[in-house]
Amino acid sequence: QVQIVESGGGLVQPGGSLRLSCTASGSIVGIYTMGWFRQAPGKQRELVARISSAGSTHYADSVKGRFTISRDNAKNTVYLQMNRLKLEDTAVYYCNVPHIILGDVWGQGTQVTVSS
(Lines give C-alpha, C1' and ligand atoms only; values in the text may rest on other atoms or scores of the structure.)
Protein backbone atom coordinates (compact mmCIF):
# COMPACT_ATOMS: atom_id res chain seq x y z
CA GLN A 1 0.00 0.00 0.00
CA VAL A 2 1.13 3.51 -0.85
CA GLN A 3 -0.65 6.60 0.34
CA ILE A 4 -0.18 9.92 -1.40
CA VAL A 5 -0.95 13.17 0.40
CA GLU A 6 -0.89 16.48 -1.44
CA SER A 7 -1.10 19.99 -0.08
CA GLY A 8 -0.46 23.59 -1.04
CA GLY A 9 -3.25 24.39 -3.46
CA GLY A 10 -5.31 27.51 -3.19
CA LEU A 11 -6.48 30.72 -4.79
CA VAL A 12 -3.87 33.09 -6.15
CA GLN A 13 -3.82 36.14 -8.40
CA PRO A 14 -2.08 36.08 -11.77
CA GLY A 15 1.64 36.49 -11.29
CA GLY A 16 1.53 34.96 -7.85
CA SER A 17 3.16 31.83 -6.51
CA LEU A 18 2.21 28.61 -4.80
CA ARG A 19 4.16 25.59 -3.66
CA LEU A 20 2.63 22.15 -3.79
CA SER A 21 3.95 19.24 -1.80
CA CYS A 22 3.33 15.53 -2.09
CA THR A 23 4.42 12.90 0.39
CA ALA A 24 4.32 9.16 -0.22
CA SER A 25 4.02 6.77 2.69
CA GLY A 26 3.68 3.04 3.11
CA SER A 27 5.45 0.69 0.72
CA ILE A 28 7.73 3.29 -0.73
CA VAL A 29 10.41 0.88 -1.89
CA GLY A 30 10.03 0.67 -5.64
CA ILE A 31 9.42 4.37 -6.17
CA TYR A 32 11.87 5.93 -8.60
CA THR A 33 10.09 8.75 -10.35
CA MET A 34 7.60 11.23 -8.95
CA GLY A 35 5.63 13.77 -10.88
CA TRP A 36 2.81 16.25 -11.08
CA PHE A 37 -0.11 16.19 -13.46
CA ARG A 38 -2.97 18.61 -13.78
CA GLN A 39 -6.45 18.58 -15.19
CA ALA A 40 -8.33 21.73 -16.08
CA PRO A 41 -12.11 21.78 -16.59
CA GLY A 42 -12.99 20.23 -19.93
CA LYS A 43 -9.44 19.16 -20.66
CA GLN A 44 -7.43 15.97 -20.42
CA ARG A 45 -5.03 15.35 -17.61
CA GLU A 46 -1.55 16.42 -18.64
CA LEU A 47 1.94 15.99 -17.32
CA VAL A 48 3.29 19.13 -15.69
CA ALA A 49 6.66 17.96 -14.40
CA ARG A 50 8.45 14.86 -13.25
CA ILE A 51 11.65 14.10 -11.43
CA SER A 52 13.69 10.93 -11.14
CA SER A 53 15.28 9.58 -8.00
CA ALA A 54 18.57 10.97 -9.28
CA GLY A 55 17.11 14.43 -9.76
CA SER A 56 16.63 14.52 -13.52
CA THR A 57 13.67 16.70 -14.41
CA HIS A 58 11.22 17.16 -17.24
CA TYR A 59 8.71 19.97 -17.71
CA ALA A 60 5.80 20.64 -19.96
CA ASP A 61 6.55 23.47 -22.36
CA SER A 62 3.71 25.51 -20.90
CA VAL A 63 5.35 25.69 -17.47
CA LYS A 64 9.02 25.62 -18.37
CA GLY A 65 10.85 28.49 -16.74
CA ARG A 66 8.03 29.17 -14.28
CA PHE A 67 7.67 25.92 -12.34
CA THR A 68 10.34 23.99 -10.50
CA ILE A 69 10.01 20.40 -9.35
CA SER A 70 12.21 19.08 -6.57
CA ARG A 71 12.27 16.19 -4.15
CA ASP A 72 13.51 15.12 -0.77
CA ASN A 73 14.24 11.42 -1.03
CA ALA A 74 14.68 11.01 2.71
CA LYS A 75 11.14 12.31 3.24
CA ASN A 76 9.66 10.67 0.13
CA THR A 77 8.34 14.09 -0.79
CA VAL A 78 8.14 15.93 -4.08
CA TYR A 79 7.48 19.64 -4.42
CA LEU A 80 6.25 21.85 -7.20
CA GLN A 81 7.14 25.51 -6.90
CA MET A 82 4.85 27.49 -9.18
CA ASN A 83 5.82 31.06 -9.98
CA ARG A 84 4.34 33.69 -12.26
CA LEU A 85 1.08 31.83 -12.34
CA LYS A 86 -1.30 32.39 -15.22
CA LEU A 87 -5.04 31.98 -15.59
CA GLU A 88 -4.47 28.89 -17.70
CA ASP A 89 -2.66 27.22 -14.81
CA THR A 90 -5.99 26.80 -13.07
CA ALA A 91 -6.54 23.08 -12.60
CA VAL A 92 -6.63 20.25 -10.14
CA TYR A 93 -3.06 19.15 -9.60
CA TYR A 94 -2.34 15.49 -8.95
CA CYS A 95 0.78 13.89 -7.58
CA ASN A 96 1.76 10.76 -9.49
CA VAL A 97 4.00 8.05 -8.10
CA PRO A 98 4.69 5.10 -10.39
CA HIS A 99 5.40 2.05 -8.26
CA ILE A 100 7.24 -0.96 -9.61
CA ILE A 101 4.72 -3.35 -8.05
CA LEU A 102 1.55 -1.31 -7.60
CA GLY A 103 1.68 0.65 -10.81
CA ASP A 104 0.65 4.28 -10.87
CA VAL A 105 -0.44 5.67 -7.54
CA TRP A 106 -2.27 8.99 -7.50
CA GLY A 107 -2.98 11.60 -4.91
CA GLN A 108 -6.46 12.94 -4.33
CA GLY A 109 -5.69 16.18 -6.13
CA THR A 110 -5.34 19.73 -4.90
CA GLN A 111 -7.12 22.67 -6.50
CA VAL A 112 -5.09 25.55 -7.86
CA THR A 113 -7.16 28.53 -8.96
CA VAL A 114 -5.54 31.54 -10.60
CA SER A 115 -7.97 34.42 -10.80
CA SER A 116 -7.98 38.19 -10.66
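Shown above is the structure to which this text applies.
**Describing the pairing of strand β8 (residues 77-82)**
Within a regular strand, the side chains alternate between the two sheet faces. Within β8, five of the six residues are buried, leaving the element largely enclosed by the surrounding structure. Note that strand β3 (residues 18-26) and β8 share six bridges and pair antiparallel. Following the sheet pairing, Ser 21 is matched in β8 by Tyr 79. As paired strands, strand β7 (residues 67-72) and β8 are joined by six bridges and run antiparallel to one another. Counterpart to Ser 70 in the pairing with β8 is Tyr 79. Where β7 hands over to β8, the hairpin turn is made up of four residues, of which Asn 76 adopts a positive phi near 50°.

**Looking at the nonpolar core**
Ranked by internal contacts, the top residues of the largest apolar core, which has 30 residues, are Trp 36, Leu 80, Met 82 and Tyr 93. Those elements that provide at least two residues to this core are β1 (2-7), β3, β4 (33-39), β5 (46-52), β7, β8, β9 (91-99) and β11 (110-114). Ignoring any residue separated from it by four or fewer positions in sequence, one finds Met 82 in contact with Gly 16, Ser 17, Leu 18, Leu 20, Arg 66, Phe 67, Tyr 93 and Val 112.

**Here's the deal with the packing of aromatic side chains**
In this structure the tally under the stated criterion is one aromatic pair. Ring centres 5.0 Å apart and planes at 70° place the aromatic pair Phe 37 and Trp 106 in the edge-to-face group. On the criterion of sequence distance, the pair formed by Phe 37 in strand β4 and Trp 106 in strand β10 (residues 103-106) is long-range, its members being 69 residues apart. Overall, Trp 106 belongs to the partly exposed group, its relative accessible area being 33%. Here the basic side chain of Arg 45 rests over the ring of Tyr 94, its NZ or CZ set 3.8 Å away from the ring centre.

**Observations regarding the sheet that holds β3**
Overall, antiparallel pairing links the four strands, which are arranged β1-β3-β8-β7 in an open sheet. In the strand order of this sheet, the two ends are held by β1 and β7, each with one partner. Neighbouring strand axes in the sheet, compared pairwise and without regard to direction, differ in orientation by 15° on average.

**Quick notes on a nonpolar patch on the surface**
The grouping of Tyr 32, Ile 100, Ile 101 and Leu 102 at the surface amounts to a nonpolar patch, some 470 Å² of accessible area in total. In this structure, Tyr 32 sits in the loop between β3 and β4.

**A closer look at the pairing of β5**
Both β4 and β5 contribute to a ladder of six bridges, which runs antiparallel. Within the sheet, the bridge partner assigned to Thr 33 lies in β5 and is Ser 52. As consecutive antiparallel partners, β4 and β5 are separated by six residues, and within that stretch Gly 42 has a phi angle of approximately 75°, a positive value. Pairing between β5 and strand β6 (residues 57-59): three bridges, direction antiparallel. Counterpart to Ile 51 in the pairing with β6 is Thr 57.

**Here we look at the pattern of salt bridges**
All chains considered together, the criterion is met by four salt bridges. In this structure, Arg 38 and Asp 89 form a salt bridge, with 2.9 Å as the shortest nitrogen-oxygen distance. Here Asp 89 lies in the loop between β8 and β9 and Arg 38 lies in strand β4, a separation of 51 residues in the sequence. Across the pair, exposure class does not vary: Arg 38 and Asp 89 are buried alike. Across the pair Arg 66 and Asp 89 runs a salt bridge, and its minimum N-O distance is 2.7 Å. Taken as a pair, Arg 66 in the loop between β6 and β7 and Asp 89 in the loop between β8 and β9 lie far apart in primary sequence, 23 residues in all. Beyond isolated ion pairs, a larger network of salt bridges with shared partners links Arg 38, Glu 46, Arg 66 and Asp 89.

Scoring rules and cut-offs
Residues numbered from 1 in each chain as written. Predicted model: local features only at pLDDT ≥ 70, side-chain atom pairs only at ≥ 80, totals over all residues. Heavy atoms only, no water. Buried < 20%, exposed > 50% of the residue type's maximum accessible area, 1.4 Å probe, protein only. Helix = DSSP H or I, 4+ residues; strand = E, 2+ residues; numbered from the N terminus. Pairing = 2+ DSSP bridges. Core = buried A, V, L, I, M, F, W, Y, C linked by side-chain atoms within 4.5 Å. Contact = heavy atoms within 4.5 Å. Phe/Tyr/Trp six-rings, centres within 6.5 Å; stacked < 30°, edge-to-face > 60°. Lys NZ or Arg CZ within 6 Å of the ring centre and 35° of its normal. Axes fitted to C-alpha atoms, helices over the stretch in contact; angles between N-to-C directions. Patch = residues over 30% accessible without salt bridge, like charges linked within 9 Å, V, L, I, M, F, W, Y side chains within 5 Å. Areas by Shrake-Rupley, 256 points an atom, 1.4 Å probe, with all protein chains shown as cover. Salt bridge = Lys/Arg side-chain N within 4 Å of Asp/Glu carboxyl O.

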